[in-house]
Amino acid sequence: MTDIANAPKAATTKKPGLKERYALMTRGLDWETTYQPMEEVFPYATYEGIKIHDWDKWEDPFRLTMDAYWKYQAEKERKLYAIMDAFAQNNGHLGLTDARYLNSLKLFLTGVSPLEYMAHRGFAHVGRQLPGVGARVACQMQSLDELRHAQTQIHSMSNYNKLYDGFHSWRHMHDRVWYLSVPKSFFDDAITAGPFEYMIAIGFSFEYVLTNLLFVPFISGAAYNGDMGAMAFGFSAQSDESRHMTLGLEAIKFMLEQDPDNLPIVQHWIDKWFWRGYRVLTLVAMMLDYMLPKKVMSWKEAWEIYAEENGGALFQDLARYGIRPPLGWQQACDDKEHLSAQAWSTFYQYQGAAPFHTWMPSAEEMDWQSEKYPDSFDEYYRPRFEHWAEQEAAGNRFYNGTLPMLCQVCQIPMLFTEPGDPTRICYRESEHKGETYHTCSDGCKNIFDYEPEKYVQAWLPVQQIYQGNCFGPDADPTAADFNPLLEVIKWYRMNVGVDNSPYEGSRDQQNFQAWKQQTTSNAPAGGSPAGA
Amino acid sequence: MAVAAVKEYVGVPKDTQDKFHGAQLTFIGWLDHLMFCAPFAVPLPPDMPFGAIIEGVLPGACGHHPDFAKIDWSTVEWTKGGKPFSPDPAKSLTENGMRHKDSITFRTPGLTGIKGSST
């Protein structure tokens, strides 16, 4: 403990260095409480079963102090907002490859940006609850980072809201729309866990193991498709992300080094959160393979680089603590052949309930799929997509008008197939207190069976719709012409027939073409911006 | 341990049968036809005859598929909870042993989707 009162006077000493100031903040400023017992000050520190003997063993490789943190972040903000302003003022949106690209941003804004905000809340909570001050300070900084990421993403994408459809009610939608219950329930699960599980869930499994599969595809996708705004927020977040990854890795190593009893608990969390994170990445797989007009790489290639190679090396490194690769790892590797096509099929047929546009891949794009997925695309998915494209050309586009069965844990429609057999849906079932619960995979069933009391409470959108809980206050279910699915779409605040229409013939498509033409010809002004 | 919690913790399910206004939720999957990305979820009256699924529910749900009109219902193989199931079309769902949130599937021999791709 540093004795502040007896410290030498400032005039006679030089200013302490960064390392020294960090040590003062994270070791010297903490104290054992005496008016209140420590277990009441930190009420969540022990119930998960994690044993910590010496918080001073916590090693934060970044050793950031608050003044340094503010300085770095302010510098990054200045650069970021200069780029965003320039992009907006120069009609940067007209430099996009194609307006189809915007749909990946709509997916990001509705599905991912709200998670950044939840991560902010989660780390603020954990930063309060962990008894070790080094970990607390690191979590506090990550909490601020996550708030900044949420803000910069919203600012960057708000530029498109003036001009294109589907960007307007992302926050409202996040709590209601069927597919957004997937990312929402993922984070709600994490934030209602204890502080140590949260560190493994978000700090380690998500930030360390899976983050490259989320951010690299989106941000590279932005770069490949001319979106300077999204690219800039991605780069601005990058140095934060590397700090987050290091924090996650330190958290897991610290838990494992503190007590051998922590190993089985940590292993279970890795199994669980790898699988939960992987299921959320279903949306990214589809974005990479189907939504980017100019493609960066296939989902399969991304998985091989960022999961199989990088993740494989990580788990080799952790083997010395007794950690093995997560359950479900092999299945995730096998499913890379099918994930994106199965997901895109789902959004295509439920287009009417999604606030972004879908389309069938062009003949050229189908050839790209065949080349990237030689073992699966032509056999399983080309016949489906060609059939749909033909039907669409004949004016008979396929819409699935019946709601799907959902997985109790990941909340994704039960679209995943049995390991090793892409022609059969994978069904898993559990009983708890006389009720039946359905899951999409061994991974989700294991999670349910371990903590059924938590997952029986899932707010499953399909079940809620059928109970009549998803209509606006002005809906009248007794009216003769009551259309329940239309009322749900209105409750989602989708602009019916505009936000949720097929891309072909959409206002986004027409406006983009008209505006783009004006930049290179003397064509008369056309197009009507979103909301007009 | 059914949950990790700081004190006694009881989860309240949000989809028990009493919340469905007299209906029971039924999940129906058509095997080898993944053009329908996931099994269907439909709320049905428990006293409805099973045959009404074939005549009243499935045409609306599956009619878009070219195989649907070709189904010979006398050869269809059903499962319930993954086990073989021989429903009597004239009897009600309850009389056929179907409960809330049961999952049934049907296979249509000889019909395996667009170009045999299980689509």
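These lines cover the structure that appears in this document, whether it is placed above or below. (Residues numbered from 1 in each chain as written. Chains lettered and ligands numbered in written order. Predicted model: local features only at pLDDT ≥ 70, side-chain atom pairs only at ≥ 80, totals over all residues.)

Describing the overall build of chain B
So, step 1. The helix and strand tally for chain B stands at one helix and five strands.
So, step 2. Reading the helices (α) and strands (β) of chain B from amino to carboxyl end gives β-β-α-β-β-β.
So, step 3. In terms of overall dimensions, chain B is more spread out than a globule: its C-alpha atoms have a radius of gyration of 17 Å, far above the 14 Å expected for 119 residues.
So, step 4. Its C-alpha atoms give chain B principal-axis dimensions of roughly 55 × 30 × 25 Å.
So, step 5. Here chain B holds 119 residues, and the buried ones make up 34% of them. (Helix = DSSP H or I, 4+ residues; strand = E, 2+ residues; numbered from the N terminus. Rg over C-alpha atoms; globule rule 2.2 N^0.38 Å. Buried ≥ 20, exposed ≤ 12 C-beta atoms within 10 Å, placed from the backbone.)

Some thoughts on the interface of chain B and chain A
So, step 1. The partner chain A presents 45 residues to the 41 residues of chain B that form the contact.
So, step 2. Residue assignment for the side of chain B that touches chain A shows that the elements contributing at least two residues are β1 (24-30), β2 (40-44), α1 (51-62) and β5 (102-107) of chain B.
So, step 3. Here the side of chain B that touches chain A gets four residues from one element, more than from any other, and that element is β2(B).
So, step 4. When its residues are assigned to classes, the side of chain B that touches chain A shows 23 nonpolar, 11 polar and seven charged. (Contact = placed C-beta atoms within 7 Å. Nonpolar A, V, L, I, M, F, W, Y, C, P; charged D, E, K, R; others polar.)

Overview of the pairing of strand β3 (residues 428-432) of chain A
Residues and elements named next belong to chain A.
So, step 1. Pairing between β3 and strand β4 (residues 435-439): five bridges, direction antiparallel. Looking across to β4, one finds that Glu 429 is bridged to His 438.
So, step 2. Linking β3 back to β4 in an antiparallel pair, the connection comprises two residues, with Lys 433 at a positive phi of about 50°. (Pairing = 2+ DSSP bridges.)

Section: helix α9 (residues 195-224) of chain A
So, step 1. Of all the bends found along α9(A), the most pronounced is centred on A:Leu210 and spans about 70°.
So, step 2. In terms of residue burial, α9(A) counts as a mostly covered element, since 23 of its 30 residues are buried. (Bend = angle between axes of the 7 residues up to and from the residue.)

Describing the packing of helix α5 (residues 113-129) of chain A against helix α8 (residues 181-191) of chain A
Residues and elements named next belong to chain A.
So, step 1. Orientation of α5 relative to α8, taken along the N-to-C sense of each, is 5°, at an axis distance of 10 Å. With respect to their mutual orientation, α5 and α8 come out roughly parallel. Within the contact between the two elements, α5 uses Leu 115, Met 118, Arg 121 and Gly 122 and α8 uses Pro 183, Phe 187, Ala 190 and Ile 191.
So, step 2. Residue composition of the contact of α5 with α8, by class: six nonpolar, one polar and one charged. (Axes fitted to C-alpha atoms, helices over the stretch in contact; angles between N-to-C directions. Parallel < 35°, antiparallel > 145°, perpendicular 65-115°, else oblique.)

Side note on the sheet that holds β5(B)
Residue and element names in this part refer to chain B.
So, step 1. Across the sheet, five strands lie side by side as β2-β1-β5-β3-β4; this open sheet has mixed pairing. One side of each edge strand has no neighbouring strand; the edge strands of this open sheet are β2 and β4 (83-85). This sheet shows a mean twist of 35° between the axes of neighbouring strands, independent of strand direction.
So, step 2. Two strands pair when backbone bridges link them, and strand β3 (residues 77-80) and β4 are joined in this way by three bridges, in the antiparallel orientation. Its bridge partner being in β4, Lys 80 is matched across the sheet by Lys 83.

Re unusual backbone geometry
So, step 1. One non-glycine residue with positive phi stands out, namely A:Arg493, at about 65°.
So, step 2. In this structure A:Arg493 comes out as partly exposed when scored by C-beta crowding, with 17 C-beta atoms within 10 Å.
So, step 3. One non-glycine residue, B:Asp32, lies in positive phi territory at about 65°.
So, step 4. Mapped onto the fold, B:Asp32 is located in the loop between β1 and β2.

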